[in-house]
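Below, each chain spelled out in residue letters.
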Amino acid sequence: MTYSFHINGHPVEIGSAAMTGLLEVLRDELGLRGAKPGCGEGRCGACTVLVDDVPVASCLYPVALAQSRHVRTVEGLAAPDGPLTPVQDALLEHGGVQCGACIPGVVMTLTALLERTLRPTPDQICDALVGNLCRCTGYHKIVEAAVAVGRGEER
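Since the structure is predicted, the reported quantities are computational estimates derived from the model, not experimental observations.

### A few points about the sheet that holds strand β2 (residues 10-15)
Okay, so step 1: The five strands are arranged β2-β1-β5-β3-β4 in an open sheet whose pairing can be described as mixed. With partners counted over all chains shown, the strands left at the sheet margins are β2 and β4 (54-57), one partner each. Ignoring strand direction, the axes of neighbouring strands in this sheet form an average angle of 40°.
Okay, so step 2: Looking at chain direction, strand β3 (residues 48-51) and strand β5 (residues 70-72) are connected through two bridges and run antiparallel. Residue pairing across strands places Leu 50 opposite Arg 72, the latter belonging to β5.
Okay, so step 3: Seen against the sheet, helix α3 (residues 103-116) touches β3, β4 and β5 and runs at an angle of roughly 35° to β3.

Have a look at this one:
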């Protein structure tokens, strides 16, 4: 079956089985490797992408559900030769990046939160990140970075 959707603002057509995971399509068919395979069970958040601006675990999200939708990956946030987004800058500035395995998913989750919630509280940020497992940072610096973006300190 063929599925048509937009990826990072560009239309794509993918021939794939309906239940093929979006993560597999992104990485293997489209060469977008920002979303990381982690647990394969939707628990770690490493594969988080935005579908119509809502974070989803792309490892569990069937490509058939992407039909006619807008998918954003970490590759679609900042141009390769352009500046980073405020979320990306803040994570770097506040030391919220360590090994990098979870960061693309964290960036996508925080991007969605900050696009819909002005000045999120630390509790709102922690609630949003409940699906993103980070074993390195302890989350404090990630939350600090998101608070800074919400306050307009990173633009």
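### Description of the pattern of salt bridges
When charged atoms on two side chains of opposite charge get close, those side chains can pair.
Okay, so step 1: Taken as a whole and judged by the stated rule, the model has five salt bridges.
Okay, so step 2: With a shortest N-O distance of 2.9 Å, Arg 69 and Asp 52 are connected by a salt bridge. Of the two residues, Arg 69 is situated in the loop between β4 and β5 and Asp 52 in the loop between β3 and β4; the sequence distance between them amounts to 17 residues.
Okay, so step 3: Exposure remark for Arg 69: the relative accessible area of 33% places this residue in the partly exposed category.
Okay, so step 4: Of the residues examined, Asp 52 reaches a relative accessible area of 32% and is grouped as partly exposed.

### Some words on the packing of helix α2 (residues 86-93) against helix α5 (residues 140-150)
Okay, so step 1: α5 packs onto α2 with a crossing angle of 135° between their chain directions and a minimal axis gap of 8 Å. Looking at the two axes, α2 sits oblique to α5. Crossing angle aside, the handedness with which α2 passes α5 is right-handed. Counted together, Pro 86, Val 87, Ala 90 and Leu 91 of α2 and Ile 142, Ala 145 and Val 149 of α5 form the full contact between these two elements.
Okay, so step 2: Classifying every residue of the contact of α2 with α5 gives seven nonpolar, no polar and no charged.

Conventions adopted
Residues numbered from 1 in each chain as written. Predicted model: local features only at pLDDT ≥ 70, side-chain atom pairs only at ≥ 80, totals over all residues. Heavy atoms only, no water. Pairing = 2+ DSSP bridges. Helix = DSSP H or I, 4+ residues; strand = E, 2+ residues; numbered from the N terminus. Axes fitted to C-alpha atoms, helices over the stretch in contact; angles between N-to-C directions. Contact = heavy atoms within 4.5 Å. Salt bridge = Lys/Arg side-chain N within 4 Å of Asp/Glu carboxyl O. Buried < 20%, exposed > 50% of the residue type's maximum accessible area, 1.4 Å probe, protein only. Parallel < 35°, antiparallel > 145°, perpendicular 65-115°, else oblique. Left-handed = near helix turned anticlockwise from the far one by under 90°. Nonpolar A, V, L, I, M, F, W, Y, C, P; charged D, E, K, R; others polar.

Worth remembering: the numbers are spatial, not functional.
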